[in-house]
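# Analysis of the macromolecular model
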Amino acid sequence: MIERQQQWLENLATDEQLRHFDEQGYLIVEEALSPDMVKDLTPVVDRIDTRVRAERGLDENATMTLFRTVAEDDLFLELLDNPTTFPLAWDILGWNIQLYISHLIVYPPEPEGADLTAGGWHQDGGRPVREMERPHPRLSFKVSYWLSDTRVSNSGAMRIIPGSHRLDEKPLQEALDNPVHVEVAPGTAVLFDRRMWHARGINTSSVTRKVLFFGYSYRWLRGLDYNNFPQETLAKCDPIRRQILGDGIDVKGWWQPTEADTPLKSWIAEHRGEEYLLNIAPL
């Protein structure tokens, strides 16, 4: 754990990264996962995919989406505070953070004769997207960990409209017709503001698209995975991971957190100093 925490200090957000995320709504972190981690995660994802397809009666061409993924295997717990991305989480949102959602998408190539109409443009967030005043504040962002190679032509790379997280309305059709295709190597992480308009690309390649999403938010938001994580999962975690999984001392701590509710705050203060701590805030 000490080695991992030392790595956090080596991967703090730069001013350029924070400026790019604020202005464009996304960041690309190459080699966010080591080749060994990609190698270890892939059979776990394949095992889950096989099980869920059998449980749901999905055929081999159907897209499989599974929520609450973090509780599926202990290996996923390693992604909660992944050294290359976790420091970006607290530098973007601050220390009062949690994992609010984790999900897995496995998207096989489209079968011959399938409807290949591209679409699906959306913002993440559920009801807040409809019910909050505009412009929306930043409440959360996601880290997508790519296990497949979306540099392969037509392999379902995520499509985004950079800067659209700042818009009050859906982007103009001209922008939607000319998106940025985020084509990345396995092991790459793509961070994106939940307000940014994005969509899944079409997969007509020979590669099955595999991606894990871990979403971070402020602790005073309800989680989409769990309101209370299973105790057997929390028991495997150190205090900072327990915070990230939404654990706390009592219900008041979600709105007025104490040091005991948010051990990440104490860790940052110890290793970066109180002045640094005070400067961590949403842009």
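Described below are features of the structure shown in this document.

## A short note on the environment of Glu30
Its place among the elements puts Glu30 in the loop between strand S1 (26-29) and helix H3 (35-56). Classification of Glu30 as exposed rests on a relative accessible area of 65%.

## Regarding the sheet that holds strand S6 (residues 180-182)
Note: strands within a sheet are paired through backbone hydrogen bonds, in either parallel or antiparallel orientation. Read from one edge of the open sheet, 3 strands run S6-S5-S8, paired in antiparallel fashion. The outermost strands of the open sheet, each flanked by one partner alone, are S6 and strand S8 (198-199). Of the strand pairs in this sheet, strand S5 (residues 158-160) and S8 are connected by 2 bridges, and their pairing is antiparallel. Among the inter-strand pairings, Arg159 is bridged to a residue of S8, identified as Ala199.

## Focus: the pairing of strand S4 (residues 140-146)
Counting buried positions over the 7 residues of S4 gives 7, a clear majority of the element. Burial along S4 is two-sided: the residues Ser140, Lys142, Ser144 and Trp146 and Phe141, Val143 and Tyr145 are all buried. Relative to strand S9 (residues 209-218), S4 runs antiparallel, the two sharing 7 bridges. Bridge pairing links Phe141 to Tyr216 in S9. Pairing of S4 with strand S7 (residues 189-193), which is carried by 5 bridges, proceeds in the antiparallel orientation. Note on S7: the bridge partner recorded for Tyr145 is Ala189.

## A few points about the sheet that holds strand S2 (residues 64-67)
Strand order in this open sheet of 6 strands is S1-S7-S4-S9-S3-S2, and the pairing throughout is antiparallel. The sheet terminates laterally at S1 and S2, the two strands that pair on one side only. Neighbour-to-neighbour, the strand axes of this sheet turn through a mean angle of 20°, independent of strand direction. Note that strand S3 (residues 97-107) and S9 share 10 bridges and pair antiparallel. Across the sheet, the residue bridging to Ile105 is Val211, located in S9. The strands that helix H5 (residues 86-93) touches are S1, S3, S4, S7 and S9; relative to S9, the one it contacts most, it runs at about 40°.

Thresholds applied
- Residues numbered from 1 in each chain as written.
- Predicted model: local features only at pLDDT ≥ 70, side-chain atom pairs only at ≥ 80, totals over all residues.
- Heavy atoms only, no water.
- Helix = DSSP H or I, 4+ residues; strand = E, 2+ residues; numbered from the N terminus.
- Buried < 20%, exposed > 50% of the residue type's maximum accessible area, 1.4 Å probe, protein only.
- Pairing = 2+ DSSP bridges.
- Axes fitted to C-alpha atoms, helices over the stretch in contact; angles between N-to-C directions.
- Contact = heavy atoms within 4.5 Å.

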